[in-house]
Structures are given as structure tokens and as C-alpha cells.
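# Chains, contacts and geometry: an overview
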Amino acid sequence: MFYHVVLFKLKDNSPENMDKARNILSSMEGKIPQLKGLTVGKDELFTERSYDICLITTFDSKEDMDAYQVHEYHVNEVLANLRPMLEASKACDFTA
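Residues numbered from 1 in each chain as written. Predicted model: local features only at pLDDT ≥ 70, side-chain atom pairs only at ≥ 80, totals over all residues. Heavy atoms only, no water.

### Observations regarding the pairing of strand 3 (residues 53-59)
Regular strands have side chains that alternate between both faces of the sheet. Most of strand 3 sits out of view: five of its seven residues are buried. Inspection of the sheet shows strand 1 (residues 2-10) paired to strand 3 by seven bridges, in the antiparallel sense. Bridged to Val5 within strand 3 is Ile56. Across six bridges, the pairing between strand 2 (residues 37-42) and strand 3 is antiparallel. Within strand 3, the position partnered with Val40 by the bridge is Leu55. (Buried < 20%, exposed > 50% of the residue type's maximum accessible area, 1.4 Å probe, protein only. Helix = DSSP H or I, 4+ residues; strand = E, 2+ residues; numbered from the N terminus. Pairing = 2+ DSSP bridges.)

### Topic: the layout of surface pockets
Approximately 200 Å³ is the volume found for the largest pocket. Lining the largest pocket are 16 residues, with His4, Val6, Phe8, His74 and Leu79 positioned closest to its centre. Elements with a minimum of two residues in the lining of the largest pocket: strand 1, helix 2 (62-70), helix 3 (72-82) and strand 4 (86-95). With four residues, the top contributor of residues to the lining of the largest pocket is helix 3. Residue classes in the lining of the largest pocket are distributed as 11 nonpolar, four polar and one charged. (1 Å grid on protein atoms, 1.4 Å probe; cavity = no way out; pocket = protein on both sides within 12 Å on 5 of 7 lines; lining within 4 Å. Points joined across faces, edges and corners; volume = space filled by probe spheres on them. Nonpolar A, V, L, I, M, F, W, Y, C, P; charged D, E, K, R; others polar.)

### Considering helix 3
For helix 3, the full list of buried residues reads Tyr73, His74, Val78, Leu79 and Leu82. End-on, the buried residues of helix 3 take up no more than an arc of 135 degrees, which puts them together on one face. Contacts from the buried residues of helix 3 go to strand 1, helix 1 (15-26), helix 2 and strand 4. (Arc of directions from axis to C-beta. Contact = heavy atoms within 4.5 Å.)

### Topic: unusual backbone geometry
Positive phi outside glycine occurs at Phe46, with the angle close to 55 degrees. Secondary-structure assignment places Phe46 in the loop between strand 2 and strand 3.

### Comments concerning the pattern of salt bridges
Under the counting rule described, the total for this entry stands at two salt bridges. Two residues, Lys42 and Asp19, come together in a salt bridge whose shortest N-O distance is 2.5 Å. Here Lys42 is found in strand 2, whereas its partner Asp19 is found in helix 1, with 23 residues between them in sequence. Accessibility expressed as a relative area gives 30% for Lys42, which makes it partly exposed. A salt bridge links Asp66 to Lys62, with the nearest nitrogen and oxygen atoms 2.8 Å apart. Residue Asp66 and its partner Lys62 are both found in helix 2; the two are separated by four residues, about one turn of the helix. For Asp66, a relative accessible area of 34% puts it in the partly exposed group. When its relative accessible area of 42% is taken as the criterion, Lys62 is described as partly exposed. (Salt bridge = Lys/Arg side-chain N within 4 Å of Asp/Glu carboxyl O.)

Written out as C-alpha cells, the structure reads:
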């Protein structure tokens, strides 16, 4: 399995905005064939080092993750709607 984990810091982390971001990310479910697993969570602790949203995706290979990165739905729906909401993001990609 290949894992792609992304942490998102929102410009506005109001409950409504966090739900909106979570819904945008969750909308990928079933729309990108290479995407084998998708988990989206909202931060519950709100500590100084916390990010607001965590995305955990799984793929069969790095090549499948690369295909996901340029998939039309990911680019035109998810990134296009999510990027304006973001202050920052961090990613970690690994196999397990």
C-alpha cells in the first residue's frame, strides 16, 4: 500500500468552513479509480501545533498516487475549491 497524508490549515477554521473543506475532500470517494481508501478528519484539540483537517488516502502504488494527483476531478473540483480556503498544507507519502 502507498499512503498519501495531507494536513490542511484553513484561513478560517469556523465549524462551517471545516465542514465545507471536509465535504470537498470526501467528495472524491468513488470518483477517482486509483483511490483505494479515503479518510478525512477534523481536528478536535485545536492546540498551537494543530492543523485543521487531515486527509489520509491509500493507493496500490506510487504510480496510482501520481495519476490521482493529475486526475480531472482532483484538479478541477477538489483543488480548485479547496486551495482558496487554505493558509497552508503539509504532506507525507510512504509505503507500509
